[in-house]
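# A look at the structure
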Amino acid sequence: MKRKRQILISTLFSMMLIFTAMSLDQSNFDKSTPENEIISKVIPTVTTAKAAVTPYHTPTSDPIILLFIWLTSGYNLQPENQYTYVNNPKTLYTDSGRSVVDALLGLLASPHYTWYQSTDGQNWTQMSQTTKELTITPTKVGTVYYQQMTRWYGLIPGLLDTIVYSKVAFITTFPSPINATALSVKANDNYLYNNQSSAATTYVTGTPTPNNATGNITWKVNDTSLATVDSRTGLVTANTNSKSGTVRVTGTMSNSDGTSVSGYVDIKIGGGLDDQTVDEGKKATFTVQGKFDEKPTNVVWHKVDIAGKDTVVTNNNSDVLTYTTANTVYATDNGTKYYAVLTVTSGDSTTTVTTNKANLSVRKNVVPDISINNTIFNSSYEDHNSENTIINNVAENDKVIHRITVKDSNLNSALTRAEIQIKLPKTSIIDNVKVNNQDFTDYISVSDPDNNQSTILTLRNLNFVTTKDFAIEINSTVGKNEILSFNSNVSVNGYDTGDNLLGQYLPAQSLQLNFADNSINLQANDWSYKTINSYTTDTLLDRDKTESSHLEVDDKRRNKQALTLYLSQKNPFKSDGKVLNSEMRYYQQDGSYEVLNENGTLVSETVNGQRLDSVAWQEHEGPKLYISDGVHEAGNYTTQLEWSLVESIS
């Protein structure tokens, strides 16, 4: 025979109408402020304009130079505008060159120089000076313009000559000196090669403040083993013995009153490539340095391994000046070298430039690469999630198993020793600990200072020198607990050979024990029906929509017996003693219904082992209110329903 135990849980349901008031706050905007406000006005005190200067001859375009290889002819040092005062000499410096093709066509040709001058920038006369440099000592105030022609010819002028014209420069003479207060210095090229057959060069120039200062600039370097400089022209020449470093070139402008101002620029001297140092697993990038007026026609990258074997790593007929390695490996990449061969083609002439061999240093990666996986099992009662990180309905005397794997994937890791900490319920008893299927006894258990419901189990001295992979199993017996849930957190502390803490490592997931209390908790929620008027008759009203379940169920029973759930109505809808002429109908999914009464209507039922779920009716099912014929007085009608839960016990 079976007997039934009935649990009655009742709640009050009210009919209610809720009005929602909304207000719209309209912001005010101040449009009195103008969109544009004039902060200040600046009016120049003096406006000047110079008449256009017509050169004696159209200046030759700047030469195209790839490193030290001239692809076109022209001037790499143009005469600069100069300012002076009466009887103070000034010198115009120039430098020009021929392309590799022009040089081959006129092997025996030599340069000849012709200067032209103009006092108005329009009419020109040829000067008698035929030197590369032109020194002028003015005797009166004013501006005179100058232009140079350089012509290369051999024994027979006019045969395969190369002719280039400089830009126009002027010398302006003042009645008295103008002193400089500052000097800005720059270089045409901030990188010079030190490993080519011809010395690499560049020019430095200085701009004084004010720019019409009348002093003269002299140049010097701080390390002549890296590069030298012409003290007058600013021509910087790199060394050719592959010595690398950074040279500082300083310019000093001397004023007529004995004062001076200085400025400097740094120029890097090297073989084209810098050594690179990267962490293991990272990529290294090598970049050909230097100024390129035009890209090379082809760049071939080479790798020299630690055994000295030279291998072409890329040759796509490319002009790419950068090469990036694959992810580096310490054992095979540390100490390797890289270099590039650049091919320059100009007409029928082809020239190659080979960079230095740059060293690749790979720092061994000693950072631990720790991965932790932890799972939990209840061998006494199987109720867990699919990931085996949560066990439910844990009861006293259950046998619980923690399985933890810890792995260091970095073979070069500095990790030599580790401690593993895991939090367990305070009432748990440790049955045994196994590490890699061997009994392990080097552990301690202490109370958790942050939680009086837990203890901290610490496994000590796990040796990561001999192995990098540990499988840990902790077997415990659960005691009696007053708490309903417990988070069993795991952490790993790693140490190096000096017993220095390298870091604390945590798993991606935590473990949770949910204890059984063999209870079932019900929470009934109110609902309401739509408003009716006094003459509403023969009408079926739907419930207003609710966000939550109509009956919330928390089934924590470990041994789940079969249940039946009923809903009953013992009293009609009333308002201040007035009775609403109505009936509550409970609709099934198939559209049939029965009227709720004090005997109860079946809502749901379970079988043995099945959890009771919360109740949330769809719109077409559940209790609906039928309004009968007659006149209904105004009021707020309510009634009381009862949920009845019946558990079958054998």
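Rules used in this analysis
Residues numbered from 1 in each chain as written. Predicted model: local features only at pLDDT ≥ 70, side-chain atom pairs only at ≥ 80, totals over all residues. Heavy atoms only, no water. Pairing = 2+ DSSP bridges. Helix = DSSP H or I, 4+ residues; strand = E, 2+ residues; numbered from the N terminus. Axes fitted to C-alpha atoms, helices over the stretch in contact; angles between N-to-C directions. Patch = residues over 30% accessible without salt bridge, like charges linked within 9 Å, V, L, I, M, F, W, Y side chains within 5 Å. Areas by Shrake-Rupley, 256 points an atom, 1.4 Å probe, with all protein chains shown as cover. Salt bridge = Lys/Arg side-chain N within 4 Å of Asp/Glu carboxyl O. Buried < 20%, exposed > 50% of the residue type's maximum accessible area, 1.4 Å probe, protein only. Core = buried A, V, L, I, M, F, W, Y, C linked by side-chain atoms within 4.5 Å. Contact = heavy atoms within 4.5 Å. Phe/Tyr/Trp six-rings, centres within 6.5 Å; stacked < 30°, edge-to-face > 60°. Lys NZ or Arg CZ within 6 Å of the ring centre and 35° of its normal. pLDDT = per-residue confidence, 0-100.

### Concerning the sheet that holds strand 14 (residues 182–187)
Spatially, the four strands line up as an open sheet ordered 14-16-19-18, and their pairing is antiparallel. Unpaired on one side and paired on the other, strand 14 and strand 18 (227–229) mark the two borders of the sheet. The sheet shows a mean angle of 25° between the axes of neighbouring strands, taken without regard to direction. Taken together, the three bridges between strand 18 and strand 19 (residues 235–238) define a ladder with antiparallel strand orientation. Across the sheet, residue threonine 228 finds its bridge partner in strand 19, namely threonine 237.

### Observations regarding a nonpolar patch on the surface
Residues Leu105, Leu155, Ile156, Leu159 and Leu160 make up a contiguous nonpolar surface patch of about 610 Å² in total accessible area. Among the secondary structure elements, leucine 155 is positioned in the loop between strand 11 (142–153) and strand 12 (162–165). The exposure class assigned to leucine 155 is exposed, which follows from its relative accessible area of 88%.

### Brief notes about the nonpolar core
Judged by nonpolar contacts, the single largest core of 45 residues is most densely connected at Val249 and Ile267. Non-local contacts of isoleucine 267, meaning those with residues more than four positions away in its chain, are made with Ala187, Asp189, Asn190, Tyr191, Leu192, Thr202, Val204, Val236, Gly245, Thr246, Val247 and Val249. Core analysis: the second largest hydrophobic core is formed by 25 residues, Trp527, Phe573, Tyr586 and Trp643 among them.

### Comments concerning the packing of aromatic side chains
Under the definition given, this model contains 13 aromatic pairs. Ring geometry for tyrosine 83 versus phenylalanine 174: centroids 5.9 Å apart, planes at 0°, classification stacked. Placement of the pair is tyrosine 83 in strand 5 (residues 82–85) and phenylalanine 174 in strand 13 (residues 169–174), with a sequence separation of 91 residues. On the basis of relative accessible area, tyrosine 83 is assigned to the buried category, the value being 17%. Where tyrosine 191 meets tyrosine 193, the ring centres are 5.6 Å apart and the plane angle is 75°; that geometry is what we call edge-to-face. Comparing tyrosine 191 with tyrosine 193, the two get one shared label, buried. Among the aromatic residues, ring-to-ring pairing joins Tyr83, Tyr145, Phe170 and Phe174 into one connected group. Here the basic side chain of lysine 357 rests over the ring of tyrosine 339, its NZ or CZ set 4.7 Å away from the ring centre. For arginine 585, the ring lying beneath its charged end belongs to tyrosine 626, and the centroid distance is 3.9 Å.

### Topic: the pattern of salt bridges
Applying the stated rule across the entire model yields 23 salt bridges. A salt bridge links lysine 399 to aspartate 431, with the nearest nitrogen and oxygen atoms 3.7 Å apart. With a gap of 32 residues between them, lysine 399 in strand 32 (residues 399–408) and aspartate 431 in strand 34 (residues 429–435) connect regions that are remote in the sequence. One salt bridge connects lysine 423 with aspartate 448, and the closest N-O pair in it is separated by 3.3 Å. Of the two residues, lysine 423 sits in strand 33 (residues 417–425) while aspartate 448 sits in the loop between strand 36 (443–447) and strand 37 (454–463), which places them 25 residues apart along the sequence. With a relative accessible area of 5%, aspartate 448 lands in the buried category.

### Some points on unusual backbone geometry
With glycine set apart, most residues show a phi of negative sign, and most peptide bonds adopt trans. Geometrically, the link from threonine 209 to proline 210 is a cis peptide bond, its omega value of -5° lying close to zero. Here the phi dihedral of serine 242 falls at roughly 65°; this positive angle occurs in a residue that is not glycine. Mapped onto the secondary structure, serine 242 falls in the loop between strand 19 and strand 20 (245–254). One non-glycine residue with positive phi stands out, namely aspartate 576, at about 50°. Within the secondary structure layout, aspartate 576 lies in the loop between strand 47 (574–575) and strand 48 (578–579).

### Focus: the side chain of threonine 375
Following the sequence through the fold, threonine 375 ends up in strand 30 (residues 370–378). When residues no more than four places from it in sequence are discounted, the contact partners of threonine 375 are Glu387, Asn388, Ile401, His402, Arg403 and Leu511.

### Examining the pairing of strand 29 (residues 358–363)
Examined bridge by bridge, strand 22 (residues 276–279) and strand 29 share four bridges and lie parallel to one another. If you follow valine 278 over to strand 29, its bridge partner there is valine 362. The pairing of strand 27 (residues 337–346) with strand 29 spans two bridges and is antiparallel. Bridge pairing in strand 29 links lysine 337 to asparagine 359.

### Re the confidence of the model for the chain
For the chain, per-residue confidence averages 88 on the pLDDT scale, and residues scoring 70 or more make up 91% of the total. The low-confidence segment residues 1–50 (pLDDT under 50) makes 54 contacts with residues lying over four places distant or belonging to another chain.

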